[in-house]
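Summary of structural features
Chain by chain, the residues run as shown.
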Amino acid sequence: MHPLLQPELLAQRWQKLLEHIRERATAVGRDAAEIRIIAVSKGHPPEMLESAVHAGIYCFGENYAQELRMKADYLQQRGYTVEWHFIGHVQTNKVNLIAPRATLIHGVDSARAAEALNRWGERTGKPVAILLQVNTSGEQSKHGCAPEEVFSLAETVLRLPFVRLYGLMTIPAPATAERVRAEFRLLRQLRDELRQRYGTTPEDFPHLSMGMSADYEIAVEEGATLLRIGTALFGERPPKLPKNVPSAHGQDA
Ligand SMILES: *Cc1c(COP(=O)(O)O)cnc(C)c1O
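Before going into details, it helps to say that this report is about the structure given with it. Keep in mind the model is a prediction, meaning the values are calculated, not measured.

This next bit is on the overall build of the protein. Each helix and strand in the protein was counted, giving nine helices and eight strands. Relative to the 2.2 N^0.38 estimate, which gives 18 Å for 253 residues, the radius of gyration of the protein is 18 Å and therefore close to what a compact globule would have. Taken over the C-alpha atoms alone, the protein extends approximately 55 × 45 × 35 Å along its principal axes. Sequence-distant contacts in the protein: of pairs separated by 6 or more residues, those separated by 24 or more amount to 61%. A total accessible area of about 13,000 Å² is found for the protein, and carbon and sulfur atoms account for 49% of it.

Put into structure tokens, the structure is as follows:
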């Protein structure tokens, strides 16, 4: 058995994370109760998630629609009730896989994606909760709308009757702590401005999804409410096998 499949080890890491987050939150005068950890389980086998549930972890993040479905089915068939967050980029042709399972969809960065989710909501009568992903680093390769596009995109989203906007999400570029902090700050400023322009109460758009294993402390200091943590909890992800490439043992796929 892989040592990490032991629930005791996961429970230890989980408790350490919670403690650490509580410390950082308290240090900057925040209430740690407003911060949640999403355990990012992408790339790990479903058995790992089962161990996590035994360790008391009930909130998971996945990036790929099919992987989400596979793991959600696995846990459901075994009688576990967990909460799923979809943290990958939303492709319109995957909406039917994602929307029925995800409590919150973090990676919406276009009107097209939001409209596809709205159509699903209309069809099923269930509103879809989303965050808008913002490209705070300006790197061309990154998903997310440009910071200056957030408000026009939000206006479109706020007109969709079956989509609910809960806040913003970012994945910063790998950089120095100061650069990462500046990106988190930018996300918070954009959310605050969103609130001023379109909010009706100070509780509108509550969520800032930012902070991963390498930078969650900074994220806590800068106002994150949702931390997406994989490696610090589950260890390194197993390497991905390339798709449609014959293995060394021949075409055994
Ligand atoms: C993989 C991933 C994470 C988790 O990253 P770690 O560094 O393993 O904590 C968080 N957010 C997104 C969007 C990811 O793709």
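Attention shifts here to the environment of phenylalanine 205. Turning to its location among the elements, phenylalanine 205 is positioned in the loop between α7 (177–198) and β7 (207–209). Through-space distance from the C-alpha of phenylalanine 205 to that of arginine 191 is 7.1 Å; in sequence the pair is 14 residues apart. The contacts of phenylalanine 205, once residues within four sequence positions are left out, are Leu158, Leu165, Tyr166, Gly167, Arg191, Leu194, Arg195, Tyr198 and Gly199.

What follows deals with the site of the ligand. Contacts to the ligand come from 13 residues, most closely from Lys42, Asn63, Ser213, Gly230 and Thr231. At 2.6 Å, a side-chain N or O of lysine 42 approaches an oxygen atom of the ligand. One nitrogen or oxygen atom from the side chain of threonine 231 is found 2.5 Å from an oxygen atom belonging to the ligand. Relative to its free-state accessible area of 390 Å², the ligand is covered by the protein chains to the extent of 90%.

A few words on the packing of helix α2 (residues 46–54) against helix α3 (residues 65–77). Where α2 contacts α3, the axes come no closer than 10 Å and their chain directions differ by 50°. Taken together, the axes of α2 and α3 are oblique relative to one another. Regarding α2 and α3, the two cross each other, and that crossing is right-handed. Contacts between α2 and α3 pair Pro46, Glu47, Leu49, Glu50 and Val53 from the former with Met70, Lys71, Tyr74 and Leu75 from the latter.

All chains considered together, the criterion is met by one aromatic pair. Centroid distance phenylalanine 60 to tryptophan 84: 5.6 Å. Interplanar angle 40°. Geometry classified as tilted. Note that phenylalanine 60 is positioned in strand β2 (residues 59–62) and tryptophan 84 in strand β3 (residues 83–86), a separation of 24 residues in sequence. Like tryptophan 84, phenylalanine 60 is buried. The ring of tyrosine 74 has arginine 78 lying over it, and the distance from NZ or CZ to the ring centre is 3.5 Å. The ring centre of phenylalanine 151 lies 4.0 Å from the NZ or CZ of arginine 197, which sits over that ring.

Criteria and cut-off values
Residues numbered from 1 in each chain as written. Predicted model: local features only at pLDDT ≥ 70, side-chain atom pairs only at ≥ 80, totals over all residues. Heavy atoms only, no water. Helix = DSSP H or I, 4+ residues; strand = E, 2+ residues; numbered from the N terminus. Rg over C-alpha atoms; globule rule 2.2 N^0.38 Å. Contact = heavy atoms within 4.5 Å. Areas by Shrake-Rupley, 256 points an atom, 1.4 Å probe, with all protein chains shown as cover. Near = heavy atom within 4 Å. Polar contact = N/O pair within 3.5 Å; in protein donor to acceptor, adjacent residues only side chain to side chain. Axes fitted to C-alpha atoms, helices over the stretch in contact; angles between N-to-C directions. Parallel < 35°, antiparallel > 145°, perpendicular 65-115°, else oblique. Left-handed = near helix turned anticlockwise from the far one by under 90°. Phe/Tyr/Trp six-rings, centres within 6.5 Å; stacked < 30°, edge-to-face > 60°. Buried < 20%, exposed > 50% of the residue type's maximum accessible area, 1.4 Å probe, protein only. Lys NZ or Arg CZ within 6 Å of the ring centre and 35° of its normal.

That's the geometry; what it means functionally is another story.
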